[in-house]
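Listed below are the residues making up each chain.
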Amino acid sequence: MSGLWGVLQEHFPELLAGFLVTIRLVAIAFVIAMVVGAVVAALRISPSKWLQRIGGVYVETFRNIPLLVLLFISFAGLRRAGVPITPWIAGTASLGLYTAAYVAEALRSGAFAVGKGQIDAALSLGFSYASALRRIVIPQAFRSVIPTIGSLVIAMIRNSAIVGVSLLALPDLLKEARIIQSRTFETGEVFFWAAIGYLVLTLTATVAFRLLERRFEVRR
Amino acid sequence: MEESKGPNGPLVELSGVTKSFGDNVVLNEIDLRIGRGEAVVVAGPSGSGKSTMLRCINGLEPIDSGSIRFGGRAIEGIGREIYGIRAQIGMVFQQFNLFPHMTVIDNITLAPVRVQGTSVEEARRRGRELLERVGIPDKEDDVPADLSGGQQQRVAIARALAVDPKLMLFDEPTSALDPEMIREVLDVMRDLARDGMTMIVVTHEMGFAREVCDRLIFIDEGVIVEDAPPEEFFKATGSARAKEFVDKIIHH
């Protein structure tokens, strides 16, 4: 059987399985990116020069190493060094930590836009500097950078495609498509459906972030 | 210095406080004592160090030398304990600085709940009382952006009062307001002073000073050049600089 619909019908189970793996991969990486991104942003705007530097080193490291190289290091490299790392840990950590660097930068710029008056107000109420950041600055920074984070998440979904086909034995959507393609040579059809799968995810993310943006808009 | 301890000493005591930004000396050997229940207005030309002095009193700005005592206790070099001191000092800012992502009532209850451990219900009950007191009882679920400047500043006063401060600092609280809203904010402040709140108010509102404060302090170039009850001040026997300034801001 061939043709677009034929390929989809015949290989639907594998493609769906890959699609679900991609969703899981992206969801875990998203959580890592947000949590680590927030922590690194907090370091970058802390009053301590040393903490700022640690945050800076993180951002420059993960922003300047290609994601593919990170994947190679985190899986093959660490495994060779005797670290018992699974494809899932290597894949989600690489994608999450890589994206976290960009999230941290976005939050940092958002935090600067929040303004010193907000910190003054929180401190004058008895909050510690750390709580002022956590309760007042970071939540506002998050809100003002929702559109930017939306773009980062869409980029992350697209970037996730290289996780499975790099060294990792992680059967995500593109990996499954590759396997089908190498068996059937129905190249155009199979990758078309893979592209549709990614499009469904990115469009969902676009809509979700639009809604978040509307819900959490901060008027000043 | 000895008498500064105990409940009868001054609430705030600055001795030889000096503060510079780079080469610019903003506060030059300031000595000042403020007793419990006193309402003090601080005036002076812009850049004279008034706001900086307020910010130093609750430790938002570190000082270079001298000492500041609050309730008999030095506030410099006490590390994290400064947070506990600040919770006893309310501050109201020129730009209000309300938290724009929270409703009015959440702005007010945040510090009581998160810093002092008051229950949410108790903090809300008290927050509503405070909103009543500042004259905007029906705005608790609005966000700051929906309020006028005068209303925002009154919420900011309620927020500062919510932690039960022993001292209130006002940093030009009406300077960012349209003229028709100044009155409503000053009325709230006057009531506070009449209720016996200790307050230090940086303002150019000389009508308010004359009517409400116990002492009027005039600062110029980081030095206190006048410190007198307002009636004496307006008779202006003292410094020519202060006299000239007061004339200017009263008659403009």
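Residues numbered from 1 in each chain as written. Chains lettered and ligands numbered in written order. Predicted model: local features only at pLDDT ≥ 70, side-chain atom pairs only at ≥ 80, totals over all residues. Heavy atoms only, no water.

(A) Representation of empty space enclosed by the protein. Tallied over the entire structure, the rule returns one cavity of 30 Å³ or more. Put simply, the largest cavity is a space of about 50 Å³. Looking at the largest cavity, the residues that line it are S124(A), L125(A), G90(B), M91(B), A156(B), R159(B) and A160(B). Mapped by element, the contributors of at least two residues to the lining of the largest cavity are β6 (89-92) and α5 (149-161) of chain B. At three residues, the largest contribution of residues to the lining of the largest cavity is made by α5(B). Grouping the constituent residues of the lining of the largest cavity by class yields four nonpolar, two polar and one charged. (1 Å grid on protein atoms, 1.4 Å probe; cavity = no way out; pocket = protein on both sides within 12 Å on 5 of 7 lines; lining within 4 Å. Points joined across faces, edges and corners; volume = space filled by probe spheres on them. Helix = DSSP H or I, 4+ residues; strand = E, 2+ residues; numbered from the N terminus. Nonpolar A, V, L, I, M, F, W, Y, C, P; charged D, E, K, R; others polar.)

(B) View of the pattern of salt bridges. Residue and element names in this part refer to chain B. Inspection of the entire model under this criterion finds 25 salt bridges over all chains. One salt bridge in this structure joins E81 and R73, with 2.5 Å as the shortest N-O distance. By relative accessible area, E81 is classed as partly exposed at 47%. Owing to a relative accessible area of 36%, R73 belongs among the partly exposed residues under this scheme. A salt bridge links R154 to E184; its shortest N-O distance comes to 3.0 Å. Here R154, found in helix α5, pairs with E184, found in helix α6 (residues 179-194); they are 30 residues apart in sequence, far enough to count as distant. (Salt bridge = Lys/Arg side-chain N within 4 Å of Asp/Glu carboxyl O. Buried < 20%, exposed > 50% of the residue type's maximum accessible area, 1.4 Å probe, protein only.)

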